[in-house]
Amino acid sequence: SDLQKAAGVPQKPLDYQEVYNAVAGLLDNDNYDDGSYGPVLVRLAWHASGTYDKHSNTGGSNGATMRFEPEASHGANAGLAVARNILEPIKKKFPQISYADLWTLAGVAAVQEMGGPIVPWRPGRTDATSGAACPPEGRLPDASQGQKHSREIFYKMGFNDQEIVALVGAHALGRCHTDRSGYDGPWTRAPTTFSNDYFTRLLEEKWVEKKWDGPKQFADKATGDLMMTPNDMSFYNDRTFYLQAYKYAKDGDLFFKDFSAAFAKLLELGVPFPEGSKPIVLKPTNA
Ligand code: CCH
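What counts and how
Residues numbered from 1 in each chain as written. Predicted model: local features only at pLDDT ≥ 70, side-chain atom pairs only at ≥ 80, totals over all residues. Heavy atoms only, no water. Near = heavy atom within 4 Å. Polar contact = N/O pair within 3.5 Å; in protein donor to acceptor, adjacent residues only side chain to side chain. Helix = DSSP H or I, 4+ residues; strand = E, 2+ residues; numbered from the N terminus. Domains from an automatic or database assignment. Contact = heavy atoms within 4.5 Å. Buried area = accessible area lost by both parts, 1.4 Å probe. Salt bridge = Lys/Arg side-chain N within 4 Å of Asp/Glu carboxyl O. Nonpolar A, V, L, I, M, F, W, Y, C, P; charged D, E, K, R; others polar. Buried < 20%, exposed > 50% of the residue type's maximum accessible area, 1.4 Å probe, protein only. Donors = N, O, S within 2.8 Å, 3.2 Å for Na, K, Ca; no water.

Colleague: Please set out the site of the ligand residue by residue, giving values where relevant.
Modeller: Around the ligand, a shell composed of 24 residues is seen, among which His171, Gly174, Arg175, His177 and Ser181 lie nearest. Taking His171, its side chain carries an N or O atom lying 2.9 Å from a nitrogen atom of the ligand. Of all the secondary structure elements, the ones that give two or more residues to the shell around the ligand are α3 (38–49), α8 (161–168) and β1 (175–176). No other element matches the 5 residues that α3 contributes to the shell around the ligand.

Colleague: Can you tell me about the domain arrangement of the chain, naming the residues and giving the values?
Modeller: Here the chain is described as being made up of domain 1 (2–139 + 263–268) and domain 2 (147–261). Every contact between the two is made by 30 residues of domain 1 and, on the other side, 22 residues of domain 2. Roughly 2200 Å² of surface becomes buried between domain 1 and domain 2 when both sides are summed, with 61% attributable to carbon and sulfur atoms. Across the domain 1-domain 2 interface, the total number found is 2 salt bridges. A salt bridge links Asp34 to Arg175; its shortest N-O distance comes to 2.9 Å. If you look at where domain 1 meets domain 2, you find 11 residue pairs in polar contact (both at pLDDT 80 or more). Class assignment for the residues of the side of domain 1 that touches domain 2 results in 17 nonpolar, 7 polar and 6 charged.

Colleague: Explain the environment of Ala222 to me, and be specific about the residues and the numbers.
Modeller: Tracing the chain through its elements places Ala222 in the loop between β4 (218–220) and β5 (227–228). For the pair Ala222 and Gln147, spaced 75 residues apart in the sequence, the C-alpha separation amounts to 26 Å.

Colleague: Just give me the short version of the pattern of salt bridges, but keep the residues and values in it.
Modeller: Evaluated as defined, the whole model comprises 15 salt bridges. For Lys265, the salt bridge is made with Glu163, and the minimal N-O distance between the two is 3.1 Å. Of this pair, Lys265 sits in helix α12 (residues 252–268) while Glu163 sits in helix α8, and the two are 102 residues apart along the sequence. When its relative accessible area of 13% is taken as the criterion, Glu163 is described as buried. One connected set of salt bridges, linked through shared partners, spans Asp197, Arg201, Glu204 and Glu205.

Colleague: Give me helix α7 (residues 147–157): which residues, what numbers.
Modeller: The complete set of buried residues in α7 reads His149, Ser150, Arg151, Ile153, Phe154 and Met157. Close packing links the buried residues of α7 with α3, α8, α10 (230–237), α11 (239–250) and α12.

Colleague: Pulling in residues and values, what's your account of the side chain of Gln244?
Modeller: Following the sequence through the fold, Gln244 ends up in helix α11. A residue is classified by how much of its surface remains accessible, and Gln244, at 13% relative accessible area, is buried.

Colleague: Tell me about the coordination of the iron atom of the ligand, and name the residues and values.
Modeller: Among protein residues, the single donor to the iron atom of the ligand is His171 (NE2), with a metal-donor distance of 2.1 Å. Tracing the backbone through its elements, the reader meets His171 in the loop between α8 and β1.

In structure tokens:
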């Protein structure tokens, strides 16, 4: 406590596993979307991190700048206040953790608790105190665009084609919301389970343009329940992306291994970790 600190009493070091368990405990909610906050927490960790630009070494998860304007209101971040807000009680319970560490840890917890791979995670991010360090708008991918755009956006972060495909496999989770992105619907039939099903659906369904007033998107011909954006379809239409997606559709273990590595890398982009710091493994609550 502040009193103990003032009296020079050593603080109990923060146990990140306790923070992890607290995040795991708030994921399920029958009244929200498909029953879990997991997907939107994965998206928060990704949008906090994916603003990184390797040329200027700016953006990325350090600073948790999305708390501030103008980044909080960037179009790509619509709906992410939901994710930031549900983590507030955890920040109150564990005031020592930075928002930047909490958001990325919560992304890891969500992936693992929804049945995904272990993602080694490293603490050490600090919080900005104003929006001065907010990245400019436009560093995150635009779902209406194709493979050329994806490569520009992800090469700027320092990813290669294989890593891009692995990362987008996160669309096994969650859904599009008309009041957030304008798109509508989930990519898979089990949107709260981490799997390689994004790739199996992309390759196995027949995709037809959806007839509606909204932005151009595709629907599975058989049921119309599932969706792909134009950007998602570029993982089918681009030969290099397709061959990688095919490998992940055939081999879920390979996808898990590659997703873990690429997601861990994403969450660390641009973060000035202390010398000698090492990633830690946070245990799934069902282990
Ligand atoms: Fe994504 N994503 N994403 N995405 N995304 C959306 C939702 C999720 C793109 C566009 C969209 C990644 C890459 C891309 C998630 C994780 C990742 C939505 C709907 C759009 C649009 C938002 C809404 O309406 O709520 C595009 C374009 C790319 C290009 O590559 C990557 C990388 C990741 C993580 C590693 C997750 C999870 C969701 C579901 C969120 C939810 O609320 O259910």
